[in-house]
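Structural overview
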2 protein chains.
Amino acid sequence: MENSASKILERAIDQFALLPGVGRRTALKYALSIIKRGDSEVTRFLNAISALKTDLHSCSVCHNICEDDMCEICKNPRRDKSTICVVENIKDILAIERTGQFRGVYHVLGGVISPIDAIGPNDLNIASLLARLQNEKVEEIIFALSATVEGDSTAFYISKKIPAELNIKLSAIAKGISVGNELDYTDELTLGKSIINRTLFK
Amino acid sequence: MENSASKILERAIDQFALLPGVGRRTALKYALSIIKRGDSEVTRFLNAISALKTDLHSCSVCHNICEDDMCEICKNPRRDKSTICVVENIKDILAIERTGQFRGVYHVLGGVISPIDAIGPNDLNIASLLARLQNEKVEEIIFALSATVEGDSTAFYISKKIPAELNIKLSAIAKGISVGNELDYTDELTLGKSIINRTLFK
């Protein structure tokens, strides 16, 4: 279509295609679905997205998202400040919070060390984590990073940076077979880990 | 997450999940990708989407999208106004335009008759099509609708509404095997149609 209407559509397609995993066909589908909606629905859509940038900030302590200077988890007096769970991104906080199994606080790295993607330690929120350890009374750091070479080496890198005299317990979330999964369907590496890290009946 | 930051995030997820085929996990991925972007990038994204509603209108003749009262195809003096291709939606116009094989004009129905979805003839742009036939000198109508029962019965319904005295040729796009496809992979119905509608070598 060489008409001017298509320029507006093209621009919207270009923008939708910037969303992760969205190709031009899907972007067109999204754009057409917007055209079909009522004005107030589109306004609601735009406002909700714009609020993500205008109303959300990064927590000055843990880099979680929040409305103010500090996130609700760091603010919450009932959260155990002596246990910090180190995660790659905000999505991981949401996932762990959904389990309801963790009452400590978090620290968002913003990724993992990955030379292939040109992400070094200085691109991550590692300095602010180390600073926290000096200022707060931290007893344990739980690494909840991806079960990949990058995740493991990031945890290793950080663990080497933590002064031994602070006497902080370092741990990583358990690797093992998924609940409900059959052994057959579990890859050998995970199955191997699950045997090594077996838990005792008490 | 029972924190207030998540309300803003939740709202954005709700809105992204309204896009066709987007679940809550994908919506979260989209929302987080927006948070990560720079302000100007997000502004560009929002402007492009908002332009879809503010700057695009429906063509008063064919219901295609356009910036003014009439779309560029209907306005174009080089398009053959005597041939109308009837399509379900704007996406179909884009698809046919990409082929470069059609120099006529279009009429967008906005869907097909589908009792199961409670879409009757009055929900579609059929009356405006019939009005066009009275006002313009139309020689042929090509139905380019989905190769489904609904598509076929919509074409049949419209064809019955067209006064015979107008002497308009009615046709439908050919059904046959896809170019490059092997016969093996073509379903029997399509293959059957392709034999019945065989084309002669000249």
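Reading guide: rules and limits
Every residue gets a number counted from 1 within its own chain, in the order that chain's sequence is written. Labels follow written order: the first chain is A, the first ligand is 1, and so on. For this predicted model, a pLDDT threshold of at least 70 governs which residues receive local features, and a threshold of 80 or more governs which side-chain atom pairs are given and counted, while totals over whole chains, interfaces and linings are taken from all residues. Hydrogens and water molecules were not included; the side-chain quantities draw on all heavy atoms of the structure. Exposed residues in this analysis have more than 50% of their type's maximum accessible area, buried residues have under 20%, and partly exposed residues fall in between, with area computed by a 1.4 Å probe over protein chains only. By the criteria applied, helices consist of DSSP H or I runs no shorter than four residues and strands consist of E runs no shorter than two, each listed in order from the N terminus. Following DSSP output, two strands are said to pair if at least two bridges run between them. Seen with its strands pointing away from the viewer, a crossover is right-handed when the path leading from the first strand over the helix to the second is clockwise. Throughout, an axis means a line fitted to C-alpha atoms (over the contacting stretch in the case of helices), and angles, computed between N-to-C directions, take values from 0 to 180 degrees. When checking whether two residues touch, look at their non-hydrogen atoms; a contact exists if any pair is within 4.5 Å. Here, a salt bridge means any Lys or Arg side-chain nitrogen found within 4 Å of an Asp or Glu carboxyl oxygen. Two aromatic rings from Phe, Tyr or Trp, using only the six-membered ring of Trp, form a pair when their centres are within 6.5 Å; if the ring planes differ by under 30 degrees the pair is stacked, by over 60 it is edge-to-face, and anything between is tilted. The criterion is that NZ of a Lys, or CZ of an Arg, lies within 6 Å of the ring centre and within 35 degrees of the ring normal, and then a charge sits over that ring. Two parts placed together each lose some accessible area; with a 1.4 Å probe, that loss summed over both constitutes the buried area. Here a polar contact means two N or O atoms within 3.5 Å. Within protein one must be a hydrogen donor candidate and the other an acceptor candidate, and residues neighboring in sequence count only if both atoms are side-chain atoms. Least-squares fitting of one copy onto the other uses the C-alpha atoms of those residues that reach a pLDDT of at least 70 in both copies. pLDDT is a residue-level measure of predictor confidence that goes from 0 to 100. Comment: arc refers to directions from the helix axis out to C-beta atoms.

Before going further, it helps to spend a moment on the pairing of strand β4 (residues 104-108) of chain A. All names here are of chain A. Across the 5 residues that make up β4, a large majority, 5, are buried. Pairing between strand β3 (residues 80-87) and β4: 5 bridges, direction parallel. Bridge pairing in β4 places valine 86 opposite histidine 107. Assessed by its sense of winding, the connection that carries the chain from β3 through helix α5 (residues 90-99) to β4 is right-handed.

Strand pairing in a sheet takes place through backbone hydrogen bonds and is either antiparallel or parallel in direction. Residues and elements named next belong to chain B. With parallel pairing, the 4 strands of this open sheet are ordered in space as β4-β3-β5-β6. Each end of this open sheet is capped by a strand with a single partner; those strands are β4 (104-108) and β6 (169-172). Averaged over all pairs of adjacent strands, the angle between their axes in this sheet comes to 25°, without regard to strand direction. Two strands pair when backbone bridges link them, and strand β5 (residues 140-143) and β6 are joined in this way by 4 bridges, in the parallel orientation. Within β6, the residue paired with glutamate 140 across the bridge is lysine 169. The strands that helix α5 (residues 90-99) touches are β3 (80-87) and β4; relative to β4, the one it contacts most, it runs at about 160°.

Attention shifts here to the pattern of salt bridges. Throughout the structure, instances matching the rule amount to 14 salt bridges over all chains. Here glutamate 136 of chain B ties to arginine 132 of chain B by a salt bridge, and the two come within 3.4 Å at their closest N and O atoms. A relative accessible area of 5% places arginine 132 of chain B in the buried class. Connected via shared salt-bridge partners are Glu10, Asp14 and Arg24 of chain A.

A few words now on the packing of aromatic side chains. Taken as a whole, this structure holds 7 aromatic pairs over all chains when the rule is applied. Seen from their ring centres, phenylalanine 16 of chain A and tyrosine 30 of chain A are 5.6 Å apart, and the 75° between their planes marks the pair as edge-to-face. A residue pair is termed long-range when its members are at least 10 positions apart, and phenylalanine 16 of chain A in helix α1 (residues 5-16) and tyrosine 30 of chain A in helix α2 (residues 24-36) qualify at 14 residues. Each ring, one from tyrosine 30 of chain A and one from tyrosine 30 of chain B, has its centre 6.1 Å from the other, and the planes form 65°; the classification is edge-to-face. Of this pair, tyrosine 30 of chain A sits in helix α2 while tyrosine 30 of chain B sits in helix α2 (residues 24-36), placing the two residues on different chains. The exposure classification of tyrosine 30 of chain A matches that of tyrosine 30 of chain B, with both residues buried. Lying over the aromatic face of phenylalanine 45 of chain A, arginine 37 of chain A brings its terminal NZ or CZ to 5.2 Å of the ring centre.

Our focus in this paragraph is the environment of isoleucine 141 of chain A. All names here are of chain A. The residue isoleucine 141 is located in strand β5 (residues 140-143) in this model. Between the C-alpha atoms of isoleucine 141 and isoleucine 84, which are 57 residues apart in sequence, the distance is 4.9 Å. Apart from residues lying up to four places away in sequence, isoleucine 141 is in contact with Ile84, Val86, Leu133, Ile162, Ile168, Lys169, Leu170 and Ser171.

As a further point, take the interface of chain A and chain B. Opposite the 49 residues of chain A that make contact, chain B presents 49 residues. In total, chain A and chain B occlude about 5,000 Å² of area from one another, counting both sides; carbon and sulfur atoms represent 74% of this. Here chain A is connected to chain B by 0 salt bridges. Applying the counting criterion to the chain A and chain B interface returns 7 residue pairs in polar contact (both at pLDDT 80 or more). If you list the elements that add at least two residues to the side of chain A that touches chain B, you get α1, α2, α3 (39-54), β2 (65-66), α4 (72-75) and α5 of chain A. Per-element tally for the side of chain A that touches chain B: the top contributor is α3 of chain A, with 12 residues.

With that out of the way, let us pick up unusual backbone geometry. Residue and element names in this part refer to chain B. In this structure, histidine 63 is a non-glycine residue whose phi angle is positive, near 70°. As for its placement among the helices and strands, histidine 63 is situated in the loop between β1 (57-58) and β2 (65-66). Despite not being glycine, asparagine 167 has its phi angle at roughly 55°, a positive value. When you line up the elements, asparagine 167 lands in the loop between α7 (149-161) and β6.

The next thing to look at is the relation of the copies chain A and chain B. Copies of the same chain, two in number, are related to each other by a rotation about an axis and a translation along it. Note on the copies: chain A fits chain B at an RMSD of 0.1 Å, the axial shift is 0.0 Å, and the rotation between them is 180°. Overall, the copies show the geometry of a two-fold rotation axis. In terms of proximity to the rotation axis, the leading residue of chain A is leucine 46 of chain A, whose C-alpha is 3.1 Å off the axis. A share of 100% of the interface residues of chain A reappears at the interface of chain B, consistent with the copies meeting face to face through the same patch.

Further remarks concern the side chain of glutamine 15 of chain B. Mapped onto the elements, glutamine 15 of chain B comes out in helix α1 (residues 5-16). Taking relative accessible area as the criterion, glutamine 15 of chain B reaches 8% and is therefore assigned buried. Engagement of the side chain of glutamine 15 of chain B in a polar contact is seen with the backbone nitrogen of phenylalanine 45 of chain A, the distance being 3.5 Å. The contact partners of glutamine 15 of chain B, leaving out residues within four places of it in the chain, are Arg37, Glu41, Arg44, Phe45 and Ala48 of chain A.

Below, the discussion takes up the confidence of the model for chain A. Residues and elements named next belong to chain A. The pLDDT averaged across chain A works out to 88; a share of 96% of its residues lies at or above 70. Within chain A, β4 carries the highest mean pLDDT (95), whereas helix α8 (residues 188-196) carries the lowest (77). Interface confidence for the predicted complex, expressed as ipTM, amounts to 0.72; the pTM equals 0.71.

For the rest of this paragraph, the subject is helix α6 (residues 127-135) of chain B. Residue and element names in this part refer to chain B. For α6, the complete set of buried residues consists of Leu129, Arg132 and Leu133. The arc enclosing the buried residues of α6, seen along the axis, measures out at 100°, which places them on a common side. Set apart from the buried face of α6 by more than 90 degrees, the exposed residues are Ala127, Gln134 and Asn135. The secondary structure elements touched by the buried residues of α6 are β3, β4, β5 and α7.

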